[in-house]
Amino acid sequence: MAKDKAIRELEDLPGIGETTAEKLRTAGIDSLDKVATTAPHDLSELAGISVDAAKKAVAAAQEASTVNYETGEAILQKRKDIGKITTSSKELDELIGGGIETNGITEAYGRFASGKTQLGFQLAVDAQLPKGKGGLDGAVLFLDTEGTFRPERIVEIAKAKDLDPTAVLENIIVVRTLTTEQQILTLERADKLIAEKNVKLIIVDSLTSLFRAEFLGRGALGERQQKLNSHIHRLQTLADKFSIAVYITNQVMDNPGIMFGDPTTPIGGNVIAHAATTRLYFRKSKEEKRIIRLVDSPNMPEGECIIKVTPDGIKD
Ligand code: GTP
Ligand code: MG
C-alpha cells in the first residue's frame, strides 16, 4: 500500500494524539468505526478539538473502515496463515481445532483451582516451541493481575518438554499489575515490545479480577463494562496487528437466579462473550482431572474433553 501508515487505532487518525484518543475512549468512542459514524461536531466537543480537525479525523476513519471488503476466498487464504499453539493435550487441541489460534482471543472461565492459570503456564512454554512442533517460536507477554505467576511451575513444565528452563523464562515477559490503569496501560504501550521481542502470545490472568475489585456496586457497572470493552478490543487489535494468540482467564460468579443446570456465569457478561473468539469452561473433576467444555467457537462444534493438571503440566 502506498500510504505511509495504515490506520488501525484512534491514535493513527490525523490530529488525534494519545490524550485525545483517551478522552474519546472514555466517552465510549473506542473504535475507528465509532469515529466514522460520529458527527464531526460531536467529536469536536467530546475530544476538545476544532470542528475542522474533527472533520478530518472522521473522514480518515471512514476511509479506513471502507477498506474492509474482502472476498470469502481471500479470508480463506488468510486463515491458512493462522498459527496455533498446542495445549499439550491432544483431546483439548482436537476440541478447539488444533490449538489456541492466533488473531483471536481464547477465554478460559471457571471456578478457583479449575486449571485456568495452569493452562496459561503450559501455553507460555508451548508458544516457544518451534513451528511444526506445536509452537510459534515466539516470546510471551504475561499480565499477572492476581500475583499467581510461578516461575517454578514454568521450570517444571519446560523441563518436561526438554527445553532449557532458563531460556524459556527469559522469553516470558511478566507484568504484575495492581490496578486496572496499569493493566490497560500495559497493553496500550505494548506495540514496541511485541515487535522487538517477537511476542506471539499474550496472557491476561485474569482479565476481570481488578475490574471487579475496583468497580463495585451497580452504579459502577456501566463504567466497568465500558473500560473492559475497550481493553478487550485492544487485545483483539494487537492479535490482528501482530498475528498473535491471546489467552485470557475469567472467574465465574454464582447466579442464584438459575434453579436448574449450572448456576454459574462468567464475569463480564456480554462484553466478553461477544469479544472472545473461543470460550472454554473449566470444571474440577476428581484429583488431577479437569473437564473442559467448548462453549463458543466460530468453526468447531460444542463439546467436552478431560485434561489432567500434572506436575509436568497439562496432559491427556
Ligand atoms: P483461580 O485463579 O483461583 O480462579 O483458579 P485457576 O483456575 O487459575 O486454578 P489453577 O490453574 O491455579 O489450578 C490450581 C490447581 O492446579 C491446584 O488446585 C492443583 O490441583 C493444580 N496445581 C497447581 N500447581 C500444581 C503443581 O505443581 N502440580 C500439580 N500436579 N498440580 C498443581
Ligand atoms: Mg488462576
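**Here's the deal with the site of ligand 1**
Not every one of the 14 residues close to ligand 1 is listed here, only the nearest: Ala113, Gly115, Lys116, Thr117 and Gln118. Taking Arg153, its side chain carries an N or O atom lying 3.3 Å from an oxygen atom of ligand 1. In the environment of ligand 1, an oxygen atom lies 3.1 Å from a nitrogen or oxygen atom belonging to the side chain of Arg290. In the complex, the protein chains occlude 68% of the 660 Å² of accessible area that ligand 1 would expose alone. Ranked by residue count, the leading element in the shell around ligand 1 is helix 7 (residues 116–126), at three residues. Counted by class, the shell around ligand 1 contains four nonpolar, five polar and five charged residues.

**Comments concerning unusual backbone geometry**
Geometrically, the link from Asp205 to Ser206 is a cis peptide bond, its omega value of -5° lying close to zero. Relative to the assigned elements, Ser206 resides in the loop between strand 6 (199–205) and helix 12 (209–214). Of note in this structure, Asp137 is not a glycine but carries a positive phi near 55°. Along the chain, Asp137 falls in the loop between helix 7 and strand 4 (139–144).

**With respect to the domain arrangement of the protein chain**
By the assigned domains, the protein chain splits into domain 1 (2–64) and domain 2 (75–315). Domain 1 and domain 2 are separated by 31 Å when their C-alpha centres are compared. Summing both partners gives a buried area of about 680 Å² for domain 1 against domain 2, and 37% of it is carried by carbon and sulfur. The largest share of the area that domain 1 buries against domain 2 comes from Arg8, Glu9 and Asp30, three residues that together contribute 56% of it. For the pair domain 1 and domain 2, the interface holds four salt bridges. The shortest N-O distance in the salt bridge between Arg25 and Glu188 comes to 3.8 Å.

**Points about the sheet that holds strand 10 (residues 278–284)**
Spatially, the nine strands line up as an open sheet ordered 5-4-6-7-3-10-11-12-13, and their pairing is mixed. The sheet terminates laterally at strand 5 (172–176) and strand 13 (313–315), the two strands that pair on one side only. Strand after strand, the sheet turns through a mean of 25° between neighbouring axes, direction not considered. In this structure, strand 10 lies alongside strand 11 (residues 289–296), joined through six bridges in antiparallel fashion. Directly across from Phe282, in strand 11, lies its bridge partner Ile292. With respect to the sheet, helix 13 (residues 221–242) is in contact with strand 3 (104–110), strand 6 and strand 7 (245–250), its orientation differing from that of strand 3 by roughly 135°.

**Some thoughts on helix 3 (residues 40–47)**
Helical geometry: 3.6 residues make up each α-helical turn, so side chains three or four residues apart lie on a common side. Among the residues of helix 3, Leu43, Ser44 and Ala47 are the ones counted as buried. End-on, the buried residues of helix 3 take up no more than an arc of 100°, which puts them together on one face. Facing away from the buried side of helix 3 by over 90 degrees, the exposed positions are His41 and Glu45. Looking one or two residues past helix 3, Gly48 carries a phi angle of roughly 70°, positive in sign.

**A closer look at the environment of Gly83**
Relative to the elements of secondary structure, Gly83 occurs in the loop between helix 5 (72–79) and strand 1 (84–85). For the pair Gly83 and Glu146, spaced 63 residues apart in sequence, the C-alpha to C-alpha distance is 28 Å. Apart from the residues within four sequence positions on either side, Gly83 is in contact with Ile100, Glu101, Thr102 and Leu136.

Basis of the calculations
Residues numbered from 1 in each chain as written. Chains lettered and ligands numbered in written order. Predicted model: local features only at pLDDT ≥ 70, side-chain atom pairs only at ≥ 80, totals over all residues. Heavy atoms only, no water. Near = heavy atom within 4 Å. Polar contact = N/O pair within 3.5 Å; in protein donor to acceptor, adjacent residues only side chain to side chain. Areas by Shrake-Rupley, 256 points an atom, 1.4 Å probe, with all protein chains shown as cover. Helix = DSSP H or I, 4+ residues; strand = E, 2+ residues; numbered from the N terminus. Nonpolar A, V, L, I, M, F, W, Y, C, P; charged D, E, K, R; others polar. Domains from an automatic or database assignment. Buried area = accessible area lost by both parts, 1.4 Å probe. Salt bridge = Lys/Arg side-chain N within 4 Å of Asp/Glu carboxyl O. Pairing = 2+ DSSP bridges. Axes fitted to C-alpha atoms, helices over the stretch in contact; angles between N-to-C directions. Contact = heavy atoms within 4.5 Å. Buried < 20%, exposed > 50% of the residue type's maximum accessible area, 1.4 Å probe, protein only. Arc of directions from axis to C-beta.

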